[in-house]
Structures are given as structure tokens and as C-alpha cells.
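Architecture at a glance
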Amino acid sequence: MAYDFNEIAENYDRLNHLMTLGMDRRWRRHAAKAASLSSDSIALDVACGTGDMIIELEKFGCHTTGIDLSKEMVSIAREKTNSATFQLADAEHMPFDSATFDTVTCAFGIRNFVHLQQGINEMVRVLKPGGNIIILELSTPDCPLIEPFYNLYTKRVIPWLGQRIAGNKEAYTYLPNSIERFPKGEAMLSILKHAGLEARQSKFFFGVCRMYKCQK
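The structure reproduced in this document is the subject of the present report. (Residues numbered from 1 in each chain as written. Predicted model: local features only at pLDDT ≥ 70, side-chain atom pairs only at ≥ 80, totals over all residues. Heavy atoms only, no water.)

1. Considerations on the packing of helix H5 (residues 116–126) against helix H8 (residues 186–194)
For the record, the criterion: Each axis is a line fitted through C-alpha atoms, and for a helix only the stretch in contact is used; angles between axes span 0 to 180 degrees, taken between their N-to-C directions. The helix count covers DSSP runs of H or I at least four residues long, the strand count covers runs of E at least two residues long, and both are numbered beginning at the N terminus. The scheme is simple: roughly parallel for angles under 35 degrees, roughly antiparallel for over 145, roughly perpendicular for 65 to 115, oblique for anything else. Take the far helix as your reference; a near helix turned counterclockwise from it by less than a right angle gives a left-handed crossing, and one turned clockwise gives a right-handed crossing. The criterion used for residue contact is that any of the two residues' heavy atoms lie within 4.5 Å. Classification used: nonpolar for Ala, Val, Leu, Ile, Met, Phe, Trp, Tyr, Cys and Pro, charged for Asp, Glu, Lys and Arg, polar for all others including Gly.
Look at H5 against H8: their axes get within 9 Å of each other, and the N-to-C directions meet at 50°. Of the possible angle classes, the one that applies to H5 and H8 is oblique. In the crossing of H5 with H8, the sense of the turn from one axis to the other is right-handed. Seen from H5, the contacting residues are Leu116, Gln117 and Ile120; seen from H8, they are Met188, Ile191, Leu192 and His194. Broken down by class, the residue content of the contact of H5 with H8 amounts to five nonpolar, two polar and no charged.

Quick look at the structure:
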């Protein structure tokens, strides 16, 4: 079961940038560029959170919609940009017709899906044939030399930061646990291919972040 992100919405951006040493901004820019957008594109950002991915997509002049289950997150997203459309909606049961969007993105939210395959199937359903799905997600590193430092940082430092800055250690204990449980690499590619997608992955920072570019 996913954590209730309403509780941490106020400090979500600040902690994200701090925990990733600002690299999350660069990773979103990579994802937006990989989407191959134009001014005629219609894009959907799933689990949009506070809207940072939407802002990157809008730099290409496309029409954007964001959905999220967290009312507080969506409220912050609306304050950041008034040119996008935001809706409170479940990623596993989207309120859109089939083949509506040219591109569907999901940045750092897919690991919170309760039913992963169902959520991916919905992303495929609302995507036009030939369209792209870009998934950006945190992961565990591939390099054995990095792993001890990663474990120390995610299991000790991040919960401490969560308590210190947001007053919520539980949410930032959930974060590394959810990353550890989430399928990565070939396992994730297999799930995407099962949904009828052609998929490949790119790794950032020793595999701590992974981007999956998929085509319907």
C-alpha cells in the first residue's frame, strides 16, 4: 500500500532536491527530451505530484495534463503552472478515452502503484499507437562498490532528513523500502513488454535512477 503523500506535500520538493543532490532536475530534463515532443503533442503525466515533470514537458510547447491521487500535491502543482490541466485521478483507472495522448510520462511515481501491471496497462490504453511512454524511477545501484554507501544513505540519512525537515520519518523510511521492492532492469523491461510495449532502459548515476523509454 502506497504512502499518503498529502502528509509530506509541503516539503516534498525541497527534500527531493536535497536527497538527490539536485540530480532529479537533470533526470527530468532527460526524460522530457526523450519524449520527442512538439508543440502539437498532447502529453499526460501520471502521478504528477507537485508538477515538476509537467514543467519540463511544457518547455517543448506541448499541451499537458497531470493526474495524481494527492489533493495537496496537485494543489502545489497548480500554483507552479496555470497552463496545464490537473485532475485528481487514479493511475490504475484513468478518466480518459483510449488513444488520447501522444506521450505518457511518469516520474518517480510508478513504484507507488498498488497494482503495477494494471497501471502500466492503463498508460498503454490512453496512449495513441506509435506514442511514447517515458518512465523515470529511482532504483538500487548495480555497482557493488557503491551499494554499501547507497544503503547507508537511503536507510539512515534519508529517514533522518525526513524527520529533521518534514517531521515525518515514516514517509522517508517508506521511500527506500519502496525503491528496494520495485522491479528494475530486465525485470521491469519484461513487465513493460508484457503490456505490448517496445522498451529499453537508460541508467543514471550507477543505476540509482533508471529511465524506461517505451513505444506502443
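So, next bit.
2. A closer look at the sheet that holds strand E3 (residues 85–88)
Filter applied, for reference: Here, a strand pair is defined by DSSP locating no fewer than two bridges between the strands.
What the seven strands build is an open sheet, ordered E3-E2-E1-E4-E5-E7-E6; its pairing is mixed. For this open sheet the edge positions go to E3 and strand E6 (198–204), each flanked by a neighbour on one side alone. Between one strand and the next, the sheet's axes are offset by a mean angle of 15°, whatever the strand orientation. Against the sheet, helix H4 (residues 71–80) touches strand E2 (63–68) and E3, its axis set at about 170° to E3. Where H8 meets the sheet, its contacts fall on strand E5 (127–138), E6 and strand E7 (209–215), and the angle it forms with E6 comes to roughly 150°.

3. Considering the side chain of threonine 50
Note the threshold: Here's how the labels work: a residue is buried when its accessible area is under 20% of the maximum for its type, exposed when over 50%, partly exposed in between, all with a 1.4 Å probe on protein chains only.
Tracing the chain through its elements places threonine 50 in the loop between strand E1 (42–46) and helix H3 (52–58). With relative accessibility at 2%, the residue threonine 50 sits in the buried group. Once you skip the residues sitting within four places of it in the chain, threonine 50 turns out to touch Tyr12, Asp13, Met73, Ile76, Ala77 and Lys80.

4. Side note on the environment of cysteine 48
Here cysteine 48 lies in the loop between E1 and H3. Judged by relative accessible area, cysteine 48 falls into the buried class, the value being 6%. Taking the C-alpha atoms as reference, cysteine 48 lies 7.6 Å from glycine 109; in sequence the two are 61 residues apart. Sequence-distant contacts of cysteine 48, defined by excluding residues within four places in its chain, comprise Ile54, Gly66, Ile67, Asp68 and Phe86.

5. Some details on the packing of aromatic side chains
We count it as follows: Any pair of Phe, Tyr and Trp rings, taking the six-membered ring for Trp, is counted once the centres come within 6.5 Å. Such a pair is stacked with planes under 30 degrees apart, edge-to-face with planes over 60 apart, and tilted for the rest.
Applying the stated criterion to the full structure yields three aromatic pairs. Judged by centre distance (6.4 Å) and plane angle (55°), the rings of tryptophan 27 and phenylalanine 108 are tilted. Pair noted here: tryptophan 27 is in helix H2 (residues 23–34) and phenylalanine 108 is in the loop between strand E4 (101–107) and H5, with a separation of 81 residues, a long-range link. Residue tryptophan 27 shares its accessibility class with phenylalanine 108, and that shared class is buried. Centre to centre, the rings of phenylalanine 205 and phenylalanine 206 are 5.3 Å apart; their planes meet at 65°, and the pair counts as edge-to-face.

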